[in-house]
Amino acid sequence: MEIKIRLIILMLSILFTGLSSGLCFTWSNAITPGIGRLDDLGFLQAFQAMNRSILNASFLIVFLSPVLLLFVNAILHRNANPATFKSFLIAAILYFVGIGIITVFKNVPLNEMLDKTVLENLSAIELKDLRAKFEQPWNRWHIQRTITSFTSFTLLLVGLIYSK
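Anyway, here's the lowdown on the structure attached to this text. (Residues numbered from 1 in each chain as written. Predicted model: local features only at pLDDT ≥ 70, side-chain atom pairs only at ≥ 80, totals over all residues. Heavy atoms only, no water.)

## Concerning the side chain of S21
With respect to the element layout, S21 can be found in helix 1 (residues 2-35). Assessed through its relative accessible area of 6%, S21 is described here as buried. Here the side chain of S21 touches F150 through a polar contact of 3.5 Å, landing on its backbone nitrogen. Sequence-distant contacts of S21, that is, excluding residues within four places in its chain, are made with S149, F150 and F153. (Helix = DSSP H or I, 4+ residues; strand = E, 2+ residues; numbered from the N terminus. Buried < 20%, exposed > 50% of the residue type's maximum accessible area, 1.4 Å probe, protein only. Polar contact = N/O pair within 3.5 Å; in protein donor to acceptor, adjacent residues only side chain to side chain. Contact = heavy atoms within 4.5 Å.)

## Points about the pattern of salt bridges
Under the criterion given, the structure shown has 3 salt bridges. With a closest N to O distance of 3.2 Å, R131 and D40 form a salt bridge. Here R131, found in helix 5 (residues 124-162), pairs with D40, found in helix 2 (residues 40-54); they are 91 residues apart in sequence, far enough to count as distant. For R131, a relative accessible area of 8% puts it in the buried group. One salt bridge in this structure joins E135 and R131, with 2.8 Å as the shortest N-O distance. A residue pair is termed a helical-turn pair when its members lie 3 or 4 positions apart in one helix, as E135 and R131 do in helix 5 at 4 residues. (Salt bridge = Lys/Arg side-chain N within 4 Å of Asp/Glu carboxyl O.)

As structure tokens, then:
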């Protein structure tokens with residue numbers, strides 16, 4: 001039974017971390033550059049709409065489950081090949097810091113600031129100022145999430161290879 005649970009946790013860890021990494025990659029390479037070409041009102045409206053629509057059960061499960069699953073996976077592999085255990089443990093720490101901590105303390109506060117704003121009531125100057133306060137910091141922190149989620153995913157695959 002333990003081997004089956006270990007395998008299920010590992011597969012879910014790889015799946016959800018890979019999906020999160022892909023989401024972060026797509027967001028960094030297509031979404032933010034694409035909406036970055038919009039005028040201030042269009043950019044802020046698009047970001048508001050996407051932030052509001054992404055907060056759903058399937059997203060939250062996929063994006064946040066690895067915070068727990070990766071640590072459980074590392075614990076379940078603590079007696080495995082040392083390279084496997086180290087890869088899994090580093091993947092868990094990176095994901096926790098790079099996705100968990102950065103999202104909660106950096107990106108979410110920016111999202112909430114934007115969400116509370118009635119954009120249609122702002123002047124062109126206020127829209128420009130809001131975008132300046134939001135866009136560059138959000139993108140900077142999101143790049144960190146992209147790098148750490150990709151690295152976590154890669155480390156899971158490395159650990160899987162060494163577990164054989």
